[in-house]
Structures are given as structure tokens and as C-alpha cells.
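# Breakdown of the fold
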Amino acid sequence: MSRLLFLLFLSLPGALLSLLTFYLLSMMWVDRSNRSLLIISNLDKDQDTGVYQCTAFNAWGSILSRRASLQFAYLDNFKTQTVRSAVNVREGQGVVLLCGPPLHSGELTFAWIFNEYPNFIQQDSRRFISQETGSLYIAKVEPSDVGNYTCVVNNTVTREKVLSSPTPLVLRNDGVMGEYEPKIEVHFPDSVPAAKESAVKLECFALGNPVPEISWRRTSGIPFPSKVKMKNSNAVLEIPNFQQEDAGTYECMAENRRGKNAARGRISFHAKPHWLQTMADTALSIEESLFWECKANGKPKPSYSWLKNGDTVTPEGRVQIENGALSIAALNLSDSGMYQCVAENKHGIIYSSAQLMVAVLKARSGSEVTLECKPQASPPAISLWKKGNEILQRTERITLLPNGTLKIANVTKRDAASYTCVAKNQFGTASTTGRLLITEPTRITMRPTNMEIIVGESIVLPCQIACDPALDVSFSWAFNGQLIDFQRDSDHFERVGGTISGDLMIRNIQLNHGGKYVCVIDTDVESLSTSAILVVKGPPGPPDKVAVEEITDSTAQISWTPGRDNGSPITGYIIQARTPFTVGWQAVDTVPEVVNGNMLTAAVVGLNAWVEYEFRVVARNAVGLGEPSPASAKTRTEDAIPDTAPTDVGGGGGTKSELVITWEPVPEELQNGEGFGYIIAFRPVGTVTWTRAVISTPGVARYVFRNDTIPPFSPFDVKVGAYNNRGEGPFSSIGTVFSAEEGTAPSDRVRTRSVSAVQIEVIWEALPAIPERVLGYEIVYWEDDTKPDTVGKVRISGNYTLVNITGLKANTVYYLSVAAFNTAGPGPQSAPINSTTKKPPPDRAPLNIQWTMIGSTLTLHWDPVVAVETESKVTGYLVLLKRHRNNDISTILTNKTTAELSLSANDNYLIQIKAMSEGGEGVGSEPIHIHKLSENACAVSSISAIGLLFLVDWLHSAAAYKAVPCSPSRCGAKL
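Remember, predicted model here, so these are calculated numbers, not experimental data. (Residues numbered from 1 in each chain as written. Predicted model: local features only at pLDDT ≥ 70, side-chain atom pairs only at ≥ 80, totals over all residues. Heavy atoms only, no water.)

### As for the overall build of the protein chain
Looking only at helices and strands, one finds three helices and 83 strands in the protein chain. A burial count over the protein chain gives 40% of its 975 residues as buried. Here the contacts in the protein chain between residues at least 6 apart in sequence split such that 64% fall between residues at least 24 apart. Of the roughly 52,200 Å² that the protein chain leaves accessible, carbon and sulfur atoms contribute 51%. (Helix = DSSP H or I, 4+ residues; strand = E, 2+ residues; numbered from the N terminus. Buried < 20%, exposed > 50% of the residue type's maximum accessible area, 1.4 Å probe, protein only. Contact = heavy atoms within 4.5 Å. Areas by Shrake-Rupley, 256 points an atom, 1.4 Å probe, with all protein chains shown as cover.)

Here's what the structure looks like:
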């Protein structure tokens, strides 16, 4: 057997490769392009089946192609050709005839022959052939189904066909099967993985009597797109070009009049890998580090592997692999080559390739350089080094180690050159070349200095260098030994500057930012650092252990311990207090008045007696006020005689024979002890002896003294004092309060006038001079004596004798009465009188409005508004004219259906017409807008006319017209 083998970049999937191989065998076609082909003659299934990959290589390395699978399609014969056992079934019963395909490779299709070839079974709602199992399903057997059934199996690749032995179907004679609900015999799995863009077929078929009907749906309720097809009486659901949105749970429902049954399964979306991120060709120096990361998307999630020159990369030592990332530390010349990242899931595999060149080694002038050469050879190779074309020899500075390593001490600019390691053994010679670059030392030109700064300010710590332009430079900062994370701490820290500046900006500095800052400069060949101490000054920390050493009814002795001064000496303290009656903390008076920073105790004065206090202390320094201390324990001051009298003493009013005295209660924080109450003292003006009363309820603010001998509206001297368990406190100043008044007499001579449909005018005569005061009048009105819920009330203060009651119902009888009132309340009501509101105005606006304009005169015409029986008669019309310039509104009343208006030439107008009646104004017409007359000499308009040029924009109308200039004579001719 002869074989020809070429290196091939395989890019065909397995099925296509199988077909391509057959074409190559028959046509012996050779590709003339830049590709290479693998041609296999005399194919052997056992020897040639497998996975193939092509390797492409050159001087820089090698890479592998995608995998291609070569498989051989075949179809064996059925094991036995004898007649199969008969299947006995009742009429009306369902039956399944099994095919049992023989061994095969490649996709199969199935058909069934009834009795003899070529009488193939035609599928319908009663008969179904599964292309998954090959079995024949008959939902309900009929007498015509009796006979022999043969399964036909086709291989779609080889086009071979084999037939099974016949299976007899025999009808039993023990009766007919009754009706029964569907039983699903063919259904798709509970979970169906489907690849992107593939064609998905779901089968569902049920046995039953009557023959079940099959339907499909998505449990999410989303309707099927137009691409979804139902075949074979809905037994097969096809989804071509499967996409992510097609994933979900599908339900097959089989139903007849005896019942229904359902099968469900979830189709999950799968996709072969595709690249999101790949690596690029990279050139690095010796001792540098490589980091390559590739990312791919796919479902299931792809796994990753790495190849170097076609061989699998194993993570160990300097080489680490994590997910799709490859990192190699301390690169050497042997790391050069072609690398491939491989992403793979069960639906496919993809490759990404890149070249790594380890070529340039940078070294600082005066340092020692080590070049390694580790050839992989067997037997071991002998190594030598060349500088350019010159073979290197050992000197005082140059050392050649037995393992092939080259060391050069105290390098200078003269050592910069290309160095080649040559390895030899009896099988051949190999070499690798790298370049040595000597750089000048890096210098720090601006360093950070020790600083003091106030909290909240911002600064920049400089860190700038001068360096060789061939070097790659990076800056980093450490704070108190920890590397600063500029992303996490971006609220305060930011790197500023260019390639040779690594300045650190610190914004809104806080106390915890004080400490040591180190700037670290890393280059390809060295690392430098410089540091500074930053002292942050801030307001003092909170004092501690605040305590009340001694307390009286108005003072407290407070002590505390100092907090941190935060870089600035404490210059003083402020004491604050809080009670249940204050809003938050309040500063309090102290002795001494100013508490300096050396004091740790002070007396608080001006406290209220018998009040529970908490105290805290705030320190200050040159920076500002610090945080307050924790609060002291709650402590109550001692009790004392009240020292605050009630305020706002007054009163008056009430009912006959009463003296009402009122005051503003004393706040609880000023009551100075328990058992608090009030002493009320009063006397008639001009007398000497006080009458006293005691109220023991602190919250009461009113006292009523009743005595039939008290004359109405008589003046009294009154004062109110306070007391508690310690004794009586001061009285308020003396005020004058009048005793209660008597009620007034009823109003007389009340009359009414119906003004409109919603308004009645009430008129009465003022009461004659009487002893009682009259503060005003109260008018009560109602619709019916039997309907108290319809009562309304209007009260006016002063000596008025007329009021308009509005908001009434149209054409309704109202009853009204009037009463005078004073501080004793309303007096007796007058005898009720009745009045009927007018009928409502017409609810229709004037129609068919027409207007003409000559010069500045606008003439309006409209159809009359006729009232119906339930409406007030029309008495005239109201024309409203509004000027746009100053919003002035003027009105014209007319009893005609026409009006003339004189308009200014330099203004815009809005006109509206309403019908007038005894019941009030009617509904307004649609507003009419008249534009500036200076723009239009004259115009004619009619709401009902057609074909005229209009100057008006009707609101809420679909028509809009514009007028054109014309002379008065011309307009007159048209009119």
C-alpha cells in the first residue's frame, strides 16, 4: 500500500472531509493554490478512521490547523431474514411496530412497506414513522391495517438500503377496543441541546381512540415565528436556523374527546466557540514577563489549552496557565516560538495564533548581564557564543559556564551588540540570536518632601525622573508599606504626570492619610524609590469620660478627659447640654466664661430647676472644632420655687353670668418641681379684695368663674400665678377681662331678591341701639324644612345689612333667616322667608356667527338663541372684547343679534358672544381671533361661508384662513 503525505492546513469539518476524500479518490484532484492537501488512496476503514491535523512551520516555529475527523459510513444487514412474530391487536387499539435498525455509521432514514413493494405506508394523523427510532405507530387500528409490515432503512451517505423481515399484524376476534384518552408514545427528551443555526426537529405522536389531534405551544406564551413548520399532521415540529430566542420549554398536546395528555421538554441553546479576545504577535526582552489572554464565548462554556510550536504547553515553574490566560515569567531565548490558544466545546474548536520573539535584553551600564542558552538535544549539545560574527573568549569580564550560560560583568556601551548561541552535536547545528542594549542609569530629578497639611486640603507629591529613552518606565506608590490601589481609592488618590513623571495627587486629605509615602520607579533594568513623611493636622478628637461631679437647682460641675489633639494643641472647650425639651444640643454658659485648653473641669450655670440634663464637651484647636464627646449620664437638677409667671393673661366671652380667664401655661421645663399648679386672682375693677382660685393641673390654660350676680360685659382685674411643692412663685401682671355678654335680639324686616339661577340677595334692617353688642350677622338658608342636610350658613362681621348667597341650584325654593351674633354666640333667628332662584340660562351658544370689517369697524351678526320652557328667556346678548396687548376686557350689551365694534389697527383681539337672561349668562361662543388690522386692509368672514378669505383662526376648529390686503372700495364692491 503506497501513501503520500503532505503538510495540510485542514479547515474542513469531518462530514465534508469524508465526502471530499471520495471526490479526491475518484478525480485525483490536486490543489494548485498555497494550500496543501492530504490525499489518501486505497482507503481502509480500520486503518484510516481518525482525527487529522495539519502542521505548518517555518524558521519562527510551527502551528496546528483545526482538527478534521475522517469517518466511514456503512450499513449492515438485519441479523435475521425470518418472518418476525405476529402482533395481535384489537380493532380500535393502538399499536407500535419496532424496526430495530442494524449496525451502521452515518445518518439513516426510515420507511415501511405494507404487504409488498412498492406499497409504502403514507403517514397521516393515524399513522406515523419516527425518524428517530424507525418504529411505525398506528394510533387506532382499523380492519384495513391487517397485513405484513417491512421496515426499510436507508443510509443517506452510502445510499445503501436494507429491509427487515415482515412483521404480521393480526386482528383479534375478542371484541373491539372502546374509546380511551390519548397515550403519548413518541415524545422528545426532557432536555434537548440545540446548536446555533442548526435545524431542530421534535417528534410527538399518541395512540388513542378516537385518533388524537396533536398541537404545539411554548409554555412562555410566545407565539411561534413564521419559520417554524408543522409536518405529518403536526407530529413533527421543525425549527430551522435555531437561535437564542428559540430556546425554551415546548409542549406537545394530544387530545381527543376522551381526554388529553401532554409532553414537555426544554430546548437549550448551544453554540460553538467564537473569539471575543485574541493575542497579538509580541516582541519582549530577556527577563521580561509575558501575559497573553484569549477569551471565547460559546455554550457550553469553552475550555482552553495552549500550544507552543504544535506541542501542548504544560504549566510549571515560570509558565502558568489560568483559564484562557498564559503567563511566562523571566523570559529567555528558548521561549521564542509560535503559540496557539485553543478554545473548545462539544460543538467545535477554534485556534488563535501569535508569535513570541525574545530578542532584546536591556542592561544598565555598570551592571552584570547573564545570557542563558539551554538547547534541547540528545545527545547533549556543545554550545559557543558569538558577538556579532566574532567568537567570544573568556576574559576578566566575560565568563562562559559549562551549561552554556554567558555572563558579562560591569557592562559598558561597547558591550551592546547581537549575541548568538550556537549548539552542535553529531545530528546537526542550531542557533538563536538576541540583542544586548546598554542603557544609562535612571536619576530622580524631583523628590517628595516632608510636609504638614490641614485635613480636607489637597496636595501633589512630586516624583520625576530622567531616564534613557530606550527604557520602559512605570511608577507606583506605597502608603505605610501598602501599595496604593488607584482604582479602589480613586476618591482620594490619583496618579498625575506623563511618562517621566509619577506625581501623586491626594485630594480631600483625611487624618488617616498621615504617614510615609514611597514612590517606586521600575524600569527594564533597575528599580528606584524615594519617600516622604506627610503629617496631617485636623480638629481635635472627641473628649472622653464626661461626668457631672456636683449639681444644684441651676448649676452643674462638669469634668472630662482630653481627646487627641491631631497635630495641633487644644486651645479651648465648649460645653453643650440637652434636655427632653430642647431641639438637639445647645451651648451653655460656664464659669469661667471661656474654658481654655488646659482645663478639664468647669461649672455650668443658668440651668432650669427640676430638669433632666445630659452634657457633652467639644474641643477646639487652631484647625477648628472637633467631634463632640459621648454624652454624660442623665442627671436632674434640684427643685425650687417657681420663678416664671404665666403669660398672655386674658379671657372674655362665655355664657351669661360667667367670667372666663385664660393664660399661656408655663412650660414643663420652667415649673421647677413637682406639684405644679396655678393661682387665679380676680376682682371687679375699682375694688380692693381679690378672689382666688387654685388649679392643680399644669396643662390647664382656662378658668371659668360662674355667679348669677356678675353683670354682663363687666370689667375685672385678673392675674395668674404659679406654685409647686416648694411654694408660690410670682404672679403675672394685672390685666382687664370682661365678663360674658348676653345674646342679641332677633333681626327684623328681612327681605330677599332672586338675582339669577344661582344667586339670592338677602337684605335686613340693622338692630336698634340695645345694651348688647352686635359683632355681625349670620344668615341660614335651606331648601326644605324636612331636609336638614341641605342647610347652608353665611356669617359676615361688621354692621352690614346685605349679603349675596351664591352657588345655589336653579329654579329652586330656598328658606332664609337672619340672626345677629356677639361673643355670646348667635341670637334668635328671624322668621323664615322663602325665595325662588331663576330658571337657568340657555345652555347653547350663539351660532352662525358672521362678521365683516371695513376700515377699523367690525360688524358681527349671529342667529338668535331661543330658550326652552325650563330655561330663562333670553333678554339680550353680551359681546366680550379682549385686547391681547394689555389683556383689557370690554363688554357690550345689546338686545339685538348684531353689534358693531371699533378696533385699533395695531392690536390683536379675541371676541366671544353669550346670551343673557334672568338666570344669568349663557354658554359662550367659540372664541374668534382677529389679527392686527395694519396687516390687512379689510376682510370678510363667515363661519358657514365657503370660498372667502378668512382673517380668523378658530380655536378647536379644523379650518384656518388668512386674509389678503385690499382697498376699502374693492372690499365694498365684493360685499
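### Focus on the layout of surface pockets
As a volume, the largest pocket reaches approximately 1,300 Å³. Lining of the largest pocket is provided by 41 residues; of these, K308, S334, D335, S336 and Q376 occupy positions nearest its centre. Examining the composition of the lining of the largest pocket, we find that six residues originate from one element, strand 38 (residues 428-439), more than from any other. Taken together, the residues that form the lining of the largest pocket break down as 18 nonpolar, 16 polar and seven charged. (1 Å grid on protein atoms, 1.4 Å probe; cavity = no way out; pocket = protein on both sides within 12 Å on 5 of 7 lines; lining within 4 Å. Points joined across faces, edges and corners; volume = space filled by probe spheres on them. Nonpolar A, V, L, I, M, F, W, Y, C, P; charged D, E, K, R; others polar.)

### Observations regarding the sheet that holds strand 35 (residues 398-400)
With antiparallel pairing, three strands are arranged side by side in an open sheet as 32-36-35. Either end of the sheet is taken by a strand with one partner, and the two such strands are strand 32 (369-371) and strand 35. Pairs of neighbouring strands in the sheet enclose a mean axial angle of 15°, with direction left out of account. Pairing of strand 32 with strand 36 (residues 406-408), which is carried by three bridges, proceeds in the antiparallel orientation. (Pairing = 2+ DSSP bridges. Axes fitted to C-alpha atoms, helices over the stretch in contact; angles between N-to-C directions.)

### Some points on the pairing of strand 58 (residues 647-651)
Pairing geometry for strand 58 and strand 59 (residues 658-664), over three bridges, is antiparallel. Paired with T647 across the bridge in strand 59 is E664.

### Some words on the sheet that holds strand 59
Pairing within the open sheet is antiparallel, and its three strands lie in the order 58-59-62. Since the sheet does not close on itself, it has two edges, and those belong to strand 58 and strand 62 (702-706), each with one partner. Going across the sheet, the axis of each strand differs from the next one's by a mean of 15°, ignoring polarity. As paired strands, strand 59 and strand 62 are joined by five bridges and run antiparallel to one another. Directly across from V660, in strand 62, lies its bridge partner V704.

### Overview of the pattern of salt bridges
Applying the stated rule across the entire model yields 35 salt bridges. The shortest N-O distance in the salt bridge between E765 and R749 comes to 3.1 Å. Of this pair, E765 sits in strand 67 (residues 760-765) while R749 sits in strand 66 (residues 748-754); the two residues are 16 residues apart in sequence, bridging distant segments of the chain. Residue R749 is classed as exposed on the basis of its relative accessible area, which comes to 55%. Salt bridges linked by common partners bring R90, R172 and D174 together as one network. (Salt bridge = Lys/Arg side-chain N within 4 Å of Asp/Glu carboxyl O.)

### Digging into unusual backbone geometry
Cis geometry is found at the peptide bond from Y117 to P118, where omega equals 0°. Secondary-structure assignment places P118 in the loop between strand 9 (108-114) and strand 10 (127-129). Note that the residue after S378, namely P379, is joined by a cis bond; omega there is -5°. Along the chain, P379 falls in the loop between strand 32 and strand 33 (382-387). Positive phi values are uncommon outside glycine, yet N234 reaches one of about 70°. Of note, the phi angle at N241 is positive, near 50°, even though the residue is not glycine. With respect to the helices and strands, N241 occurs in the loop between strand 20 (236-239) and strand 21 (248-256). Given the relative accessible area of 42%, N241 is considered partly exposed.

### Comments concerning the packing of aromatic side chains
The final tally for this structure, using the stated rule, is 22 aromatic pairs. Measuring from ring centre to ring centre gives 5.5 Å for W292 and Y339, while their planes differ by 65°; the resulting arrangement is edge-to-face. Here the residue W292 occupies a position in strand 24 (residues 290-293), and Y339 occupies one in strand 30 (residues 337-345), the gap between them amounting to 47 residues. By relative accessible area, which is 5% here, W292 ends up buried. Given a relative accessible area of 3%, Y339 falls into the buried group. These aromatic residues form a ring-pair network of at least three members: F128, Y137 and F205. (Phe/Tyr/Trp six-rings, centres within 6.5 Å; stacked < 30°, edge-to-face > 60°.)

### Quick word on the environment of P539
Mapped onto the secondary structure, P539 falls in the loop between strand 48 (527-537) and strand 49 (544-551). Along the primary structure P539 and R564 are separated by 25 residues, whereas in three dimensions their C-alpha atoms are 9.0 Å apart. If sequence neighbours within four positions are ignored, P539 has contacts with V455, N566, N621, V623, G624, L625 and G626.

### Focus on the state of the cysteines
Tallied over the full model, the rule gives five disulfides. Note that C373 is cross-linked by a disulfide to C421, the S-S spacing being 1.7 Å. Given an S-S torsion of about -75°, the disulfide between C373 and C421 has left-handed geometry. Note that C373 is positioned in the loop between strand 32 and strand 33 and C421 in strand 37 (residues 417-425), a separation of 48 residues in sequence. Owing to a relative accessible area of 1%, C421 belongs among the buried residues under this scheme. In this model, C463 is linked to C519 through a disulfide, with the two sulfur atoms separated by 2.0 Å. Its torsion about the S-S bond being -80°, the disulfide of C463 and C519 is classed as left-handed. With C463 in the loop between strand 41 (459-461) and strand 42 (464-466) and C519 in strand 47 (residues 515-522), this residue pair connects regions lying 56 residues apart in the sequence. Under the relative-accessibility criterion, C463 is labelled buried at 0%. A relative accessible area of 0% means that C519 is categorised as buried. (Disulfide = S-S within 2.5 Å.)

### Here's the deal with the nonpolar core
By size, the foremost hydrophobic cluster in this structure holds 35 residues, and its most contacted members are W292, W385, L406 and Y419. In this structure W292 touches M279, A280, T282, W306, G324, A325, L326, Y339, A354, Q355 and L356, once residues within four positions along its chain are discounted. Among the nonpolar cores identified, the runner-up in size contains 22 residues, and A194, V200, A206 and L237 belong to it. (Core = buried A, V, L, I, M, F, W, Y, C linked by side-chain atoms within 4.5 Å.)

### What to know about the environment of I892
Of note, I892 is situated in strand 77 (residues 889-894). Classification of I892 by relative accessible area gives partly exposed; the value is 31%. Separated by 21 residues in sequence, I892 and I913 place their C-alpha atoms 9.6 Å apart. Excluding residues within four positions of it along the chain, I892 makes contact with Y877, L878, V879, E900 and L901.

### Considering the confidence of the model for the protein chain
Averaged over all residues, the pLDDT of the protein chain is 86; the fraction at 70 or higher stands at 90%. Across residues 1-33, confidence stays below pLDDT 50; counting only partners more than four residues off in sequence or on other chains, it has 60 contacts. Ignoring residues within four places in sequence, the model shows residues 935-975, a span with pLDDT below 50, making 69 contacts including any to other chains. (pLDDT = per-residue confidence, 0-100.)

### Examining the side chain of T439
Along the chain, T439 turns up in strand 38. Those residues within four positions of T439 in sequence are excluded, and the remaining contacts are A363, R364, S365, K413, D468, A470, L471 and V525.

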